[in-house]
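Examining the three-dimensional arrangement
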Amino acid sequence: MSTSPRPRVLMCPPAHFSVDYDINPWMTGNRDQADRDRAARQWDALRELVADVAEVALIEQVPGLPDMVFTANAGLVYRDLAVPSRFRHAERAGEQSHFTRWFSAQRFELGPLEGIEFEGAGDALLDRAAPRLWFGHGHRSDARAGDALGALLGIEVVPLRLVDPRFYHLDTCLCPLSGGHLLYFPAAFDPAAQAAIAARVPQDKRIAVSERDALAFACNAVNLDEVVILNRATPALRAQLEAAGYRVRETPLDEFLKAGGSAKCLTLRLDEPGLA
Ligand code: ARG
């Protein structure tokens with residue numbers, strides 16, 4: 001039995017979730033296509049799985065901000081510091097003040113990146129086994145945010161250029177796991193990024209997923225200790241994760257896939273670094 005405190009996770013009940021605009025390829029053709037009741041049921045099921053292993057904090061969704069449910073984009077949390085997001089698209093900019101106020105109310109110190117686009121824990125993922133931040137850029141976050149984060153956090157920042165528009169945030173194609181494994185979809189990265197990953201994570205710790213799993217958002221997983229919660233995994237991927245010591249929990253989140261998000265996007269880890 002572990003005696004460490006339970007992880008803490010921020011979620012936002014989808015009271016006003018919808019697909020109202022088109023800022024990523026998943027949203028294209030899906031305007032007004034999300035079923036809010038079904039989304040609410042899927043979100044409740046996810047929250048229950050998360051609450052089995054973590055404390056869940058909630059922020060209320062503001063009407064007119066349909067993507068606010070994706071709390072991964074609130075900001076990057078590191079110890080008592082929160083680096084609020086500065087969204088690339090005007091459609092999401094209204095979320096910033098609400099998330100920033102929430103961080104302040106929770107007594108996080110604020111470390112904003114002035115004038116640089118940065119989409120929080122959608123693009124900045126702490127490794128679970130080393131003091132290292134994986135940082136995705138190329139679609140949403142500005143590459144310059146990487147240097148700023150390195151200076152602010154004082155840990156290694158590994159910039160990774162994303163090249164496939166379907167995987168527009170780092171957390172759609174890469175997930176650091178508690179045992180030091182890295183779950184990822186290599187083709188979403190440019191060759192330099194693939195090399196940067198290979199140079200830091202030994203081959204037996206790299207879990208490369210198929211395009212099929214990637215398109216089902218398998219890399220958009222919530223990993224809390226040995227539990228891995230995700231939308232869907234092929235039997236092959238499930239077997240690979242189980243062989244590596246993880247307990248896989250699938251929970252359908254297709255209503256949120258219509259907006260380009262899944263399990264991990266709907267959560268923000270608040271006790272970082274969350275080393276297992
Ligand atoms: N519709 C949202 C957007 O395009 C989805 C965000 C998903 N969040 C994430 N962390 N990948 O911004």
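Residues numbered from 1 in each chain as written. Predicted model: local features only at pLDDT ≥ 70, side-chain atom pairs only at ≥ 80, totals over all residues. Heavy atoms only, no water.

Some words on the state of the cysteines
Enumeration according to the criterion identifies 0 disulfides in this entry. Take C173: it sits in no disulfide, and the sulfur closest to it among the cysteines is that of C219, at 6.8 Å. Since its relative accessible area comes to 0%, C173 is described here as buried. In this structure C175 is a free cysteine whose sulfur lies 7.6 Å from that of C219, the closest cysteine sulfur available. (Disulfide = S-S within 2.5 Å. Buried < 20%, exposed > 50% of the residue type's maximum accessible area, 1.4 Å probe, protein only.)

Side note on the site of the ligand
Taken together, 17 residues surround the ligand, and among them N24, R92, R140, D171 and A259 come closest. A total of 350 Å² of accessible area belongs to the ligand in isolation, and the protein chains cover 100% of it. When atom positions are compared with the pocket grids, the ligand is found to occupy the second largest cavity. Here the shell around the ligand is composed, by residue class, of 7 nonpolar, 6 polar and 4 charged. (Near = heavy atom within 4 Å. Areas by Shrake-Rupley, 256 points an atom, 1.4 Å probe, with all protein chains shown as cover. 1 Å grid on protein atoms, 1.4 Å probe; cavity = no way out; pocket = protein on both sides within 12 Å on 5 of 7 lines; lining within 4 Å. Sits in = over half its atoms within 2 Å of the grid points. Nonpolar A, V, L, I, M, F, W, Y, C, P; charged D, E, K, R; others polar.)

Things to note about helix 3 (residues 95-105)
Within the span of helix 3, buried status applies to E95, F99, W102 and F103. The arc enclosing the buried residues of helix 3, seen along the axis, measures out at 100°, which places them on a common side. Exposed residues lying more than 90 degrees from the buried face of helix 3 are R101 and A105. (Helix = DSSP H or I, 4+ residues; strand = E, 2+ residues; numbered from the N terminus. Arc of directions from axis to C-beta.)

Things to note about the sheet that holds strand 1 (residues 8-11)
The strands that make up a sheet pair up through hydrogen bonds in the backbone, lying either parallel or antiparallel. Read from one edge to the other, the open sheet built from 3 strands follows the order 2-1-15, with strand pairing classed as mixed. Two strands close off the open sheet at either side, each with one partner strand: strand 2 (55-58) and strand 15 (268-269). The pairing of strand 1 with strand 15 spans 2 bridges and is antiparallel. In the sheet register, L10 faces strand 15, and the bridge partner there is L268. (Pairing = 2+ DSSP bridges.)

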